[in-house]
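Coordinates in review
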Amino acid sequence: MSEIAGPAAAALASLCPDDVIFLQSLPKAELHAHLNGSIPIKTILELAQKYSPSSPQTTEVADIIEKLKSGVILNDIFDFFSLMPAIYTLTSTPEAAATTTRAVLQLFLNPTSDGVESPQCTYLELRTTPRATPHMTRERYLTVVLDEVEMYPATQAALIVSVDRRMSDSDLEECISLAIEMKNRGRRVVGIDVCGDPRSGDMQSFTQHLARAKGAGLGLTVHIAEVCDVHSGDSLALLSCRPDRLGHATFLSDELKTLFFEDIPQPGTECGTSSESELPNNARTNGQYKPCIEICLSSNLLCKTVASLDAHHIRYYLKNDHPIAICTDDALPFRTSCLGEYSLLLAQPPLGLGLSRDDVARIAQMGMDAAFLRPRD
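Residues numbered from 1 in each chain as written. Predicted model: local features only at pLDDT ≥ 70, side-chain atom pairs only at ≥ 80, totals over all residues. Heavy atoms only, no water.

1. Thoughts on the packing of aromatic side chains
For clarity, the threshold we go by: Pairs were defined over the aromatic rings of Phe, Tyr and Trp, the Trp ring being its six-membered one, requiring ring centres within 6.5 Å. Orientation was assigned from the angle between planes: stacked under 30 degrees, edge-to-face over 60, tilted for the rest. The criterion is that NZ of a Lys, or CZ of an Arg, lies within 6 Å of the ring centre and within 35 degrees of the ring normal, and then a charge sits over that ring.
One pass over the structure, following the stated rule, counts two aromatic pairs. R242 extends its terminal NZ or CZ atom over the ring of Y289, reaching a point 4.2 Å from the ring centre. Between the NZ or CZ atom of R245 and the centre of the ring of F372, over which it lies, the distance is 3.9 Å.

Given below as structure tokens:
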């Protein structure tokens, strides 16, 4: 297991050996792991040694690597996005993309080299945004990543193609088309993800592209309501596509939950900002359903989108028996692991939520059931 720190490490350290063995033995699906945010620090350092161009970027890359080595301290979620350009710089060639993908897959799916610890998870849906660089096209990037993913059985690993909220319409169309084409070729692309800076993009313009992906049989997951100052129309546009899963959903309003979710809302648990009058009269036309919520505890705590575990929106979804999946998000900056995130469920307050083993096992099964690889309606 990779070295972890922060809330996950504290929760894990508080557990007795039997509890740790119990968590390790659970079949777990990791459904929200960003490839470039999950690269082991050892691999980052190896890539950095090979990267030595004489450009202003060199200092920036070195500074970010030092932050990652010592442990990143974030003032808010937007500090996180400033880390990624340096990582993208180091992974801009086909060789580097293959190296990092292989390292991330091993991190999640291989037992430790000494055989002491079991794999982090049973099944992994890794996600990444196809990037065109001076060294490769988007298609070449996806091919390289899929070549590594498909070294594992289909019961263990698959790929979600991410599209960034900042993409132009033409770039978005290209990425969706590539994902559909790869799937039709029999490559292991199982879904589409919408990600990126939550302040950016017009999600209404994304809906036709997302509908095309769903029509081609791809699963759909979207980062939604990550911050509290995003207009409700943004979330409404995404929910109108009926995503199979929702990433974070930290500040999803009670009004939108009432419109789209089958659950009976428990009032007073959210900071909803939209009023019913802002929502269109036909908002209910898609019907109500139960999309699985991808919960990333350490990510939310360290990005300060939630103040504490006690205030975390996971409690709302547990109270309403709504499907959730426990995920790591970006293990590199958040220094966590699947075991660490599950430790936050089982550890006693204030280090964890203090859930029972039965509840934790039920949550793990929810994650397995929400995988895109499973047969879908």
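2. Notes on the pattern of salt bridges
Pairs can form between side chains of opposite charge whenever their charged atoms are close. Put simply, the rule reads: Criterion for a salt bridge: a side-chain nitrogen of Lys or Arg within 4 Å of a carboxyl oxygen of Asp or Glu. A helix here means a DSSP run of H or I that spans at least four residues, while a strand means a run of E at least two residues long, and both kinds are numbered starting from the N terminus. For each residue, the accessible area found with a 1.4 Å probe, counting protein chains only, is set against the maximum for its type, and the residue is called buried under 20%, exposed over 50%, and partly exposed in between.
Enumeration according to the criterion identifies 20 salt bridges in this entry. The closest approach of N and O atoms between R127 and E294, which form a salt bridge, is 3.3 Å. Pair noted here: R127 is in strand β2 (residues 123-128) and E294 is in strand β7 (residues 292-295), with a separation of 167 residues, a long-range link. When sorted by exposure, R127 lands in the same class as E294, which is buried. Across the pair E174 and R138 runs a salt bridge whose closest N-O atoms are separated by 2.9 Å. Of this pair, E174 sits in helix α9 (residues 169-184) while R138 sits in helix α8 (residues 138-149), placing them 36 residues apart in sequence.

3. Description of the nonpolar core
Under the convention used in this document: What we call a nonpolar core is a set of buried Ala, Val, Leu, Ile, Met, Phe, Trp, Tyr and Cys residues that are connected through their side-chain atoms within 4.5 Å. Any two residues having at least one pair of non-hydrogen atoms within 4.5 Å are treated as being in contact.
Ranked by internal contacts, the top residues of the largest apolar core, which has 114 residues, are I192, L252 and L345. By residue number, the principal contributor to this core is helix α7 (residues 94-109), which donates eight residues. Filtering out sequence-adjacent residues up to four positions away, I192 remains in contact with I160, V161, V163, I176, A179, L210, A213, L218, G219, L220 and T221. Ranked by size, the runner-up nonpolar core spans 13 residues in total, among them I160, C296, A370 and F372.

4. Regarding the sheet that holds strand β8 (residues 324-326)
Note the cut-off: One requirement defines pairing of two strands: DSSP has to find at least two bridges between them. Orientation is described by lines fitted to C-alpha atoms, with helices fitted over the stretch in contact, and by angles between N-to-C directions that extend from 0 to 180 degrees.
What the eight strands build is an open sheet, ordered β1-β2-β3-β4-β5-β6-β7-β8; its pairing is parallel. The two strands at the open ends of the sheet, each matched to only one other strand, are β1 (29-34) and β8. Across the sheet, the mean angle separating the axes of adjacent strands is 25° when strand polarity is ignored. Bridge analysis of strand β5 (residues 219-224) against strand β6 (residues 245-248) gives four bridges, and the strand direction is parallel. Residue pairing in the sheet places T221 in a bridge with R245 of β6. Against the sheet, α7 engages β1, β2 and β3 (157-164), with an angle of about 150° to β2. Packed onto the sheet, helix α11 (residues 232-239) meets β5 and β6 and runs at close to 170° relative to β5.

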